[in-house]
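Chain residues, written in single-letter form:
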Amino acid sequence: MVKGMTSLAVLSLGRPLLWFYTGVGWASGLVALVVLVTLWFRPSLALLLLVFTATLLLRLEYEARFLLPPQWQHKTAELAVCLSQPARVFEDYQSAVATVTDQPAELALRQLRFTADAGRILHAGDCVRGNFRLRKPVGALIPGQFNATRYYFSERIDALGSLREIHTVTRQPSVPVRLHDRASPQFLSADAQAIWSALSLGWSSSLPAHLGDLFEQTQLKHLMVVSGMHVGMVAAWGVLLGRALLLLPGIPLNRSFYLQLAWVALLCGAFVGLTGFGFPALRAWVMLAIPLLALSVGRRFTALDVLACAAVVITLFRPQAWLSTGAWLSFLLVAIIVRLAERWSQRDHSTVWLALKLQAALTLLMIPITAAMGFVWHPLSLLINALMIPMVTLLLLPWSLFILLSPGIAWVSGYEWVVGFALALLEWVSPWYQSAPAWTWWQIGLVSLLLWWLLSQTVERPVRWIATPLLVVVAMVMASSRSDIDTFQMTLLDVGHGQAMVLQWPDQTWLYDLAGQWQDGSSVARQRLAPWYRRESIQPAGLLVSHADADHAGGAYWAVREWPGASRVSGNPDRLAQLSGRPGWRNCHRMGARQNSLPFELIPVPLALQASSNDTSCVIWVPTSAGAVLITGDASRMVEYWLLQARPELFPAAAIVVGHHGSRTSSASAFLDASPEALLLVSSGDRHLPRWPNADLVAYTRRHGRTLHNTADLGTLRLTVKDGRMQLNDYRSAFRKRWLK
């Protein structure tokens, strides 16, 4: 039965991802293949696999039917939603995830993630009725980066929206919210209160941005998410409390063992319920309940058997949970800890030494994990975790629960002092964090295998030589170069409202525009694109920023420091020198003979036409064996008409990056008509107000039977020229193509 459970666990982990990326057809086909192979040697197991996987696929299909229907995209609906956690407040807006309690009959939304202005702060327990502008639950799609669509589906967030008008706000606090409201007035420190809420109630998603960044930089974010460590500590305290209760008169001693098991399971279940049944906490509770149940009937499971059973049970209740990167990561790390603990516990190690070895192992294994996920890592994470894990689990967690239950006698001021001391220490060491290593996927895999081998083996002196050839192989792989570009390749990255392109030839690479900025002024390129640039081994010969608007030049300050030797060109060089803090920017409209060595042609726009910042945009013409690619930045129709008259030889183009994100100021009909067969690409964000592409451009493409390839709908686009043919690809999953058109 355990072997069968292990097989089901493997299917539980892999089948949702296969269904998400390849679709129900491929997932069903693989199921049939596995069942046929298994049927040959174990018919009973084959039947079990068939029933389980069929149930799993049906559950996933059922879950997808709650998503926002395509016809409701950018429509306004009157909804009633209730918040179980407080909204996360930023400088001029707030963001929250809420349960939908009332909606039009055509909708079946379960949860809505929405934004609202910061005029009226929303708290946990608030129920809001108002008009919400809805949009599909998708986010920026950059290959190898965080997949927002997958995350939203795993969390049952069926739509995104913006609160346009509030009708009423009422209070309907749940029991956790009532406990929070009773204890929160005792706090004077907002940071201490936020950490207390995260530890006692699981409100980690409501942590202020500066605390979230601090915990991420010091690799302590896992401590703020209620998971196995927290549930295990509650179980330990429950055992001690249970033994004390058994000393009371009237307790039947012959049933004390079963009473303790039931007490621990119920206490941990109450804690998990208090924190909102988050996946890490729920997984930990299931992993605790399974061995407790086995002990109650006289059975014993190994730790890996418990993991397998937990995976199956969780899949039966919530199959899409395995689409979350966090779920995979936490489950993988638990499995690694279990495996290493089993091997190392056979040696004569003290508990403290074993714990330190396990933490050191996790620190090393986090290096390839951070490379894969694009996380940051800290060289002192071993020491930081060795100090903070005991502080949180042994001191702050029980103290947080004590404050929640008895705020009047829990000495909140002492709690605030301890939290303040810990935060001061973390702020002191946080500047030393490092960016994720720039490795490809197979390099990450090789490094992971090598580290696992080194950690899991007893590396005594006679066998240490075995690691030598592995180190040589990894070194060779790390030094290997990526495959060459055949002729030309252009990647239009999905950066929301803004633009960032990578133009690649066999001998050089140029970046055209560097995306925008977040509302706090931080660079999208530095935070979101940098891991992708590193993983793709992007070493540009030049940075070409079309003009000085923030949605195109937001990453200039970071880029000139990341690639100090790259040439710098812009339509507004003086302004770019100010934004980047570096001189040396050349004017793309005055390059003259200096552009002869470039693989593209810069089209100088007459000074008389540069009437606005948009019209200073660098216009480039890229010849390829399959036709030319024309990129105009944010240039207006006036510049487009001038191109038609002054440079008719540029037309027809084979591909056009539509100007100014498809706004009304660009994309004149005559300009598009001059290239009737051209691919039309546009970089825009799925804004709450769908300003771009504008309605006239959309109507034009429909009227002429042309397709507008929009990053807001398709994610990152890659245009490849090979063997005289031009091919356009995107990176959407089968799930997004089918359910979120």
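Relevant structure appears above.
Residues numbered from 1 in each chain as written. Predicted model: local features only at pLDDT ≥ 70, side-chain atom pairs only at ≥ 80, totals over all residues. Heavy atoms only, no water.

(A) View of the overall build of the protein chain. Counting secondary structure elements, the protein chain contains 26 helices and 20 strands. In the protein chain, which comprises 741 residues, the share counted as buried stands at 52%. Long-range pairs, those at least 24 residues apart, make up 69% of the contacts in the protein chain between residues at least 6 apart in sequence. Roughly 33,900 Å² of accessible area belongs to the protein chain as shown, and the carbon and sulfur atoms make up 62% of that amount. (Helix = DSSP H or I, 4+ residues; strand = E, 2+ residues; numbered from the N terminus. Buried < 20%, exposed > 50% of the residue type's maximum accessible area, 1.4 Å probe, protein only. Contact = heavy atoms within 4.5 Å. Areas by Shrake-Rupley, 256 points an atom, 1.4 Å probe, with all protein chains shown as cover.)

(B) Up close: the packing of aromatic side chains. Applying the stated criterion across every chain, the model contains 24 aromatic pairs. Where Phe488 meets Trp505, the ring centres are 5.2 Å apart and the plane angle is 45 degrees; that geometry is what we call tilted. Taken together, the residues Phe488 in strand β7 (residues 488-492) and Trp505 in the loop between β8 (500-504) and β9 (509-514) connect sequence positions 17 residues apart. Exposure remark for Phe488: the relative accessible area of 1% places this residue in the buried category. (Phe/Tyr/Trp six-rings, centres within 6.5 Å; stacked < 30°, edge-to-face > 60°.)

(C) Seen up close, the state of the cysteines. Under the definition given, this model contains two disulfides. Two residues, Cys82 and Cys127, share a disulfide whose sulfurs are 2.0 Å apart. Disulfide Cys82-Cys127: torsion about the S-S bond near 110 degrees, hence right-handed. Taken together, the positions of Cys82 in strand β1 (residues 76-83) and Cys127 in strand β5 (residues 126-135) put the pair 45 residues apart, joining distant regions of the chain. Residue Cys588 pairs covalently with Cys618 via a disulfide, S to S 2.2 Å. Taking the sign of the torsion about the S-S bond as the criterion, the disulfide between Cys588 and Cys618, at about -100 degrees, is left-handed. With Cys588 in the loop between β12 (586-587) and β13 (601-603) and Cys618 in the loop between β13 and β14 (619-622), this pair connects stretches of sequence that are 30 residues apart. Here the two residues Cys588 and Cys618 agree in accessibility, since each one is buried. (Disulfide = S-S within 2.5 Å.)

(D) View of the packing of helix α10 (residues 279-296) against helix α11 (residues 303-317). One can describe the packing of α10 onto α11 by two numbers: an axis separation of 9 Å at closest approach and a directional angle of 125 degrees. Our classification of the angle between α10 and α11 gives oblique. By crossing handedness, the relation of α10 to α11 is classed as right-handed. Between α10 and α11, the residues in contact are Phe279, Arg283, Val286, Met287, Ile290 and Pro291 and Val306, Leu307, Cys309, Ala310, Val313 and Ile314, respectively. (Axes fitted to C-alpha atoms, helices over the stretch in contact; angles between N-to-C directions. Parallel < 35°, antiparallel > 145°, perpendicular 65-115°, else oblique. Left-handed = near helix turned anticlockwise from the far one by under 90°.)

(E) Spotlight on the sheet that holds β13. Overall, mixed pairing links the six strands, which are arranged β13-β14-β15-β16-β17-β18 in an open sheet. Where the open sheet ends on each side, the last strands, each with one partner, are β13 and β18 (708-710). Along the sheet, successive strands turn relative to each other by an average axial angle of 20 degrees, direction set aside. In terms of strand pairing, β14 meets strand β15 (residues 629-631) through three bridges, oriented antiparallel. Paired with Ile620 across the strands is Ile631, a residue of β15. (Pairing = 2+ DSSP bridges.)

(F) Main features of the side chain of Thr275. Mapping Thr275 onto the fold places it in the loop between α9 (256-274) and α10. Taking the relative accessible area as the measure of exposure, Thr275 reaches 9% and is therefore buried. Apart from the residues lying within four places of it in its own chain, the contact partners of Thr275 are Ser200, Leu201, Gly202, Val226 and Ala281.

(G) A look at the pattern of salt bridges. A full pass over the atoms with the stated rule returns 18 salt bridges. A salt bridge links Arg120 to Asp126, with the nearest nitrogen and oxygen atoms 3.9 Å apart. Residue Asp126 is classed as buried on the basis of its relative accessible area of 3%. Ionic pairing is found between Arg171 and Asp126, a salt bridge with its closest N-O pair at 3.0 Å. Note that Arg171 is positioned in strand β6 (residues 157-171) and Asp126 in strand β5, a separation of 45 residues in sequence. Look at Arg171 and you get partly exposed, because its relative accessible area is 40%. (Salt bridge = Lys/Arg side-chain N within 4 Å of Asp/Glu carboxyl O.)

(H) Local environment of the sheet that holds strand β10 (residues 542-545). The mixed open sheet is built from eight strands, whose spatial order is β12-β11-β10-β9-β8-β7-β19-β20. If you trace the sheet from one side to the other, it starts and ends with β12 and β20 (725-730), each paired once. In the sheet, β7 pairs with strand β19 (residues 717-722) via five bridges, with the strands oriented antiparallel. By the bridge assignment for β19, Leu492 is matched with Leu717. Relative to β8, helix α18 (residues 524-535) is tilted by about 25 degrees, and along the sheet it contacts β7, β8, β9 and β19.

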